[in-house]
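As a plain string of letters, each chain reads:
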Amino acid sequence: MIKKLGYVIITAILSGLLESIIIGYSGYIIFTLILFFIVSSDIIFFNYSSARYLSNIDIRREVNTQIFRKNKTFEINIVFKNNNNNDVSFYFFDEALDILNISENHSGIIKIRKKSTVTKKYEITPRYIGKYSLGDITIIMRDIFDLAYSERKYCNTMEIKIYPSANDIRSQRTEMLSSFIYTYGIHYSKKAGQGYDLYGIRPYTENDDFRYIAWTRYDESNDILMVKEMEEEREITVIFLLDYSNSMNFGGDDKIYDKTVTNIINAAYYMVKNRDNVGFFIYSSEHNYFIKPDKSGNSIKDFETKIASILPGGDFDFESAIKILNKRTGKKPLIFVMTASDINIKKPEYAFNVIIFIIDHTSFYNYNPSEPLQDLLMRGLYSSQISRLRLVRSSIIRMGYRADVVQDKTMLPKIMEEYNYARSINLGAV
């Protein structure tokens, strides 16, 4: 293939040749003929020899891991094998994505001796969770005068599933479990039953077990036996209804869906530690994935696996999601709705066990205005957004639901606050 520069040079040579013939400059005619012969020979030779070498180049991509996690660097090897009987030199480029931070070695010039192999290594650091493709590998060869080139794309695509960052999960879980911020001041309601904690003392009846008689409270004067009642521990079932529509794609360094998933996983681990059941429902017009609740932690692993294989898309319908979820659960679990969509609630059919967290888009952007006017404008837009979300929250509450507006930094604490409140009144108990 001839480049534009090649066409320009050939056109200029032919024009000069025609002009010299008309004027009669014999010396210039010879010069332009020689120049035309050199240029055309170079292009013809390139297209019928060197350019064909590209078809005999084998390429494969290799990785050093099977698990890809956000913010964790992994290495990619591109192996080039020259099957030609001549040495080959070309430029290569491995197509990149915006969701990946890629080192500079993913492109450059390669020289391979005949029947030899060369390996190029570079590093990739995923920025967001989900399923992505690394794209094709393109190799380009040029002639000596850079007037023609040959390009070949190798459909060597590789899909990678990026899991949530293990460091984010561990650090937040460590901070959460070692701090009283989520449990301070919480006093759980008590229910009489079989357990280890004392619930209270009452007069003995003939159906009571002698083991629970409180002998220290025996009143000899009235001959009354007192029996200890123990507090029954009741586990609750929590299901996270995750809005996975296009509204979750907003954000700067951290996308809404990315940070929300990390917070959900951290909260879920805390709930499992409390021996409660945790399940997940990923929903939009394009996604409908239900993960059954359990208290072993397997549901959290299934959630990580599923979330790493999809990306947000479609629209979110709150009423449809709740109806589908209630049919699948059969019971009345505690439902945490995580949404960044504008939801319209018409009737409080399932209000009692549903808590809605309305995610503020603006908190996921880093605003650094350089001028006072820009700063004033950003503050005005932010204030307007908060006011709008508070009105939405008020309308949802009037329908009988519990609701709260959450931001980037407040999402996890508010989830845990609502969880501890629900646990204190046995909301979602099985």
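The rules we used
Residues numbered from 1 in each chain as written. Predicted model: local features only at pLDDT ≥ 70, side-chain atom pairs only at ≥ 80, totals over all residues. Heavy atoms only, no water. Helix = DSSP H or I, 4+ residues; strand = E, 2+ residues; numbered from the N terminus. Patch = residues over 30% accessible without salt bridge, like charges linked within 9 Å, V, L, I, M, F, W, Y side chains within 5 Å. Areas by Shrake-Rupley, 256 points an atom, 1.4 Å probe, with all protein chains shown as cover. Salt bridge = Lys/Arg side-chain N within 4 Å of Asp/Glu carboxyl O. Buried < 20%, exposed > 50% of the residue type's maximum accessible area, 1.4 Å probe, protein only. Phe/Tyr/Trp six-rings, centres within 6.5 Å; stacked < 30°, edge-to-face > 60°. Lys NZ or Arg CZ within 6 Å of the ring centre and 35° of its normal. Contact = heavy atoms within 4.5 Å. Polar contact = N/O pair within 3.5 Å; in protein donor to acceptor, adjacent residues only side chain to side chain.

**As for the environment of I43**
Residue placement: I43 occurs in helix α2 (residues 26-48). Counting along the chain gives 105 residues from I43 to A148, while the straight-line C-alpha distance between them is 6.2 Å.

**Things to note about a nonpolar patch on the surface**
A cluster of nonpolar side chains, contributed by L18, I22, I23, Y25, Y28, F31 and L35, occupies part of the molecular surface with about 750 Å² of accessible area. Among the elements of the structure, α1 (4-23) and α2 are those that each provide at least two residues to the nonpolar patch. Structurally, L35 is set in helix α2. For L35, a relative accessible area of 32% gives the class partly exposed.

**Side note on the pattern of salt bridges**
Considering all chains together, one arrives at 13 salt bridges under this definition. Residues E304 and R69 are paired through a salt bridge, measuring 3.2 Å at the closest nitrogen-oxygen approach. Taken together, the positions of E304 in helix α5 (residues 298-307) and R69 in strand β2 (residues 68-69) put the pair 235 residues apart, joining distant regions of the chain. Across the salt bridge formed by E159 and K131, the nearest N and O atoms sit 3.4 Å from each other. Of this pair, E159 sits in strand β11 (residues 159-163) while K131 sits in strand β8 (residues 130-133), and the two are 28 residues apart along the sequence. For E159, a relative accessible area of 58% gives the class exposed. A residue is classified by how much of its surface remains accessible, and K131, at 31% relative accessible area, is partly exposed. Through salt bridges with shared partners, a single network forms among K70, D254 and D258.

**Considering the packing of aromatic side chains**
Note on aromatic pairs: each is described by the distance of the centres and the angle between the planes. The tally for this structure, following the rule as stated, stands at 13 aromatic pairs. Aromatic side chains F68 and F74 sit 4.5 Å apart centroid to centroid with 65° between the ring planes, which places their arrangement in the edge-to-face category. Here F68 matches F74 in class, with each residue buried. A connected cluster of aromatic rings, assembled from ring pairs, spans F240, F280, F303, F336 and F357. Just above the ring of Y154 sits the side chain of R152; from NZ or CZ to the centre is 5.2 Å.

**Description of the environment of Y382**
Take Y382: it is sitting in helix α7 (residues 372-398). In this structure the C-alpha to C-alpha distance between Y382 and S363, which are 19 residues apart in sequence, comes to 8.7 Å. Among all residues touching Y382, those that are not within four sequence positions of it are D360, T362 and Q407. Side chain to side chain, Y382 and Q407 meet in a polar contact 2.7 Å long.

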